[in-house]
Amino acid sequence: MSATHAAHGGPEPHTSTGVDNVKMAMWTFLGSECLFFGSLISTYLLYHDKTGSGPTSADVYDIPFTSISSFVLLMSSLTMVLALSSIQQGNPRAMRIWLTATAFLGLTFVGGQIFEFTTFVEEGLTLQTSPFSSAFFVLTGFHGAHVTIGVLMLLGVVAMSSFGRLGPDSARPVEMVGLYWHFVDVVWIVIFTVVYLIP
Amino acid sequence: MSSPEVHHEEGNHPGPAQYVRIAVILFAITVIEVAIYYIEPLQDVLVPMLIVFSLLKFVLVVLWFMHLRFDTRVFTWVFVSGIVLTFSVFAVVLLTFFLQGGAAPSPPGLGG
């Protein structure tokens, strides 16, 4: 049995390449997502100083608030990996608890983003205010949409596990959703630095 | 066909305690990032420091939480290819704008 799959608690994949096809597909998808978010971040960098007569980033950003949101998302990666660890140790109940905690933290992050967007709009920064605002809302909005999709996937796995629908290799879907969730986290690590902290 | 190279054996797979340690490090780095943002004397070196800290957090999550450190190198190459392509696209965009006169043009209908 290959060490890779032994390490993740799943059965040995029978593929001609010896590489787990499902995981390969997920990593390929995440590689393409790098391009997607890279393009949006590039656009933001090109337009971040084109604010026109609208508010600038210094006028609207609330760094302490966003820092707490970042902390929440970082901690959700911890709960996610603890969920995977639980199911690998044969403890589906603990897995469901950790997955639910991850979904809750994800929802908290999305709630914070909605609050932030609402505040920005009240301060006069809308999607159409300036090239800066468009780039900002599109970038962070797409990230928030990814987090929301991740929350739905997490709750889906919890529901499947609760109804005994995960099958014999129950660690596999948790691992795949986990990869997606951690990717969303690393994208935010970049966004938090590039968009919020770098002047 | 030979199996792809695997970095670590099963015995080295991290447990919950190690995951918590990584999370504490990530939290500490985030606190440092936010702290240096407010420290006036560090403003000259703020950008390189933030990039280094951000890169460190990125690598920690990808290697430990996404288990890339323990998986076959094929996945690493696939993911790194995406990142390299991303920087290539950004370089091409920057070059295009540079050849057009430096500044990014405003999209139609937007101020700036």
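Computed from a predicted structure; not experimentally measured.

Reading the values: rules and limits
Residues numbered from 1 in each chain as written. Chains lettered and ligands numbered in written order. Predicted model: local features only at pLDDT ≥ 70, side-chain atom pairs only at ≥ 80, totals over all residues. Helix = DSSP H or I, 4+ residues; strand = E, 2+ residues; numbered from the N terminus. Contact = placed C-beta atoms within 7 Å. Buried ≥ 20, exposed ≤ 12 C-beta atoms within 10 Å, placed from the backbone. Nonpolar A, V, L, I, M, F, W, Y, C, P; charged D, E, K, R; others polar. pLDDT = per-residue confidence, 0-100. Axes fitted to C-alpha atoms, helices over the stretch in contact; angles between N-to-C directions. Parallel < 35°, antiparallel > 145°, perpendicular 65-115°, else oblique. Left-handed = near helix turned anticlockwise from the far one by under 90°. Core = buried A, V, L, I, M, F, W, Y, C linked by C-beta atoms within 7 Å. Domains from an automatic or database assignment.

1. Points about the overall build of chain B
Okay, step 1: Looking only at helices and strands, chain B has three helices and zero strands in total.
Okay, step 2: Moving toward the C terminus, one meets the helices and strands of chain B in the order α-α-α.
Okay, step 3: Considering only contacts within chain B whose residues lie at least 6 apart along the sequence, 58% involve residues at least 24 apart.

2. Thoughts on the overall build of chain A
Okay, step 1: When helices and strands are tallied, chain A shows seven helices and zero strands.
Okay, step 2: Reading chain A from its N end, one meets helices and strands in the order α-α-α-α-α-α-α.
Okay, step 3: Along the three orthogonal principal directions, the C-alpha set of chain A runs to about 60 × 35 × 25 Å.
Okay, step 4: Counting the 199 residues in chain A, one finds 44% classified as buried.

3. Notes on the environment of M80(A)
Residue and element names in this part refer to chain A.
Okay, step 1: Summarising the element assignment, M80 is placed in helix α4 (residues 63–88).
Okay, step 2: On a C-alpha basis, the gap between M80 and G178 in space is 6.2 Å, while along the polypeptide they are 98 residues apart.
Okay, step 3: In this view, M80 contacts T102, G178, W181 and H182; residues no more than four positions away in its chain are not counted.

4. Here we look at the interface of chain A and chain B
Okay, step 1: The interface is formed by 52 residues belonging to chain A together with 51 residues belonging to chain B.
Okay, step 2: At the level of secondary structure, the elements contributing two or more residues to the side of chain A that touches chain B comprise α1 (3–8), α2 (21–47), α4, α6 (131–162) and α7 (171–197) of chain A.
Okay, step 3: Its residues assigned to classes, the side of chain A that touches chain B comprises 25 nonpolar, 24 polar and three charged.

5. Quick word on the confidence of the model for chain A
Atomic detail in the predicted coordinates should be set aside for any region of low pLDDT.
Okay, step 1: When pLDDT is averaged across chain A, the result is 91; 93% of the residues are at 70 or more.
Okay, step 2: With pLDDT under 50 throughout, residues 1–9 of chain A is counted as low confidence; its partners more than four residues away or in other chains account for 26 contacts.

6. A few points about unusual backbone geometry
Okay, step 1: The backbone of H67(B) shows a phi angle near 65°, a positive value even though the residue is not glycine.
Okay, step 2: Looking at where H67(B) falls in the secondary structure, it is placed in the loop between α2 (46–65) and α3 (73–99).

7. Quick notes on the packing of α7(A) against α2(B)
Okay, step 1: Interhelical geometry of α7(A) versus α2(B) gives an angle of 175° and a closest axis separation of 9 Å. In this view, α7(A) runs roughly antiparallel relative to α2(B), as classed from their interaxial angle. Taking contact as the criterion, the partners of H182(A), D185(A), V186(A), I189(A), V190(A), T193(A) and L197(A) in α7(A) are, on α2(B), L50(B), I51(B), S54(B), K57(B), F58(B), V61(B), V62(B) and F65(B).
Okay, step 2: Within the contact of α7(A) with α2(B), the residues separate by chemical class into 10 nonpolar, three polar and two charged.

8. Overview of the packing of α2(A) against α3(B)
Relative orientation and spacing of two packed helices are given, respectively, by the angle between their axes and the distance between those axes.
Okay, step 1: Packing of α2(A) against α3(B) leaves a shortest axis separation of 8 Å and a crossing angle of 20°. It follows from the interaxial angle that α2(A) and α3(B) lie roughly parallel. In terms of crossing hand, the pair formed by α2(A) and α3(B) is right-handed. Seen from α2(A), the contacting residues are K23(A), W27(A), T28(A), L30(A), G31(A), S32(A), C34(A), L35(A), G38(A), S39(A), S42(A) and L46(A); seen from α3(B), they are F75(B), V78(B), F79(B), S81(B), G82(B), I83(B), L85(B), T86(B), V89(B), F90(B), V93(B) and F97(B).

9. Description of the nonpolar core
Okay, step 1: Counting residues in each nonpolar core, the largest one holds 63 residues, and the members touching the most others are A83(A), L99(A), V174(A) and V61(B).
Okay, step 2: Contributions of two or more residues to this core are made by α2, α4, α5 (92–122), α6 and α7 of chain A together with α1 (16–38), α2 and α3 of chain B.
Okay, step 3: Residue-level mapping places this core at the junction of two domains, with at least three residues from each of domain 1 (1–71) and domain 2 (73–112) of chain B.
Okay, step 4: The contact partners of A83(A), leaving out residues within four places of it in the chain, are M95(A), W98(A), L99(A), T102(A) and V174(A).

10. Some points on the environment of S162(A)
Okay, step 1: Topologically, S162(A) is positioned in helix α6.
Okay, step 2: Between the C-alpha atoms of S162(A) and R96(A), which are 66 residues apart in sequence, the distance is 7.9 Å.

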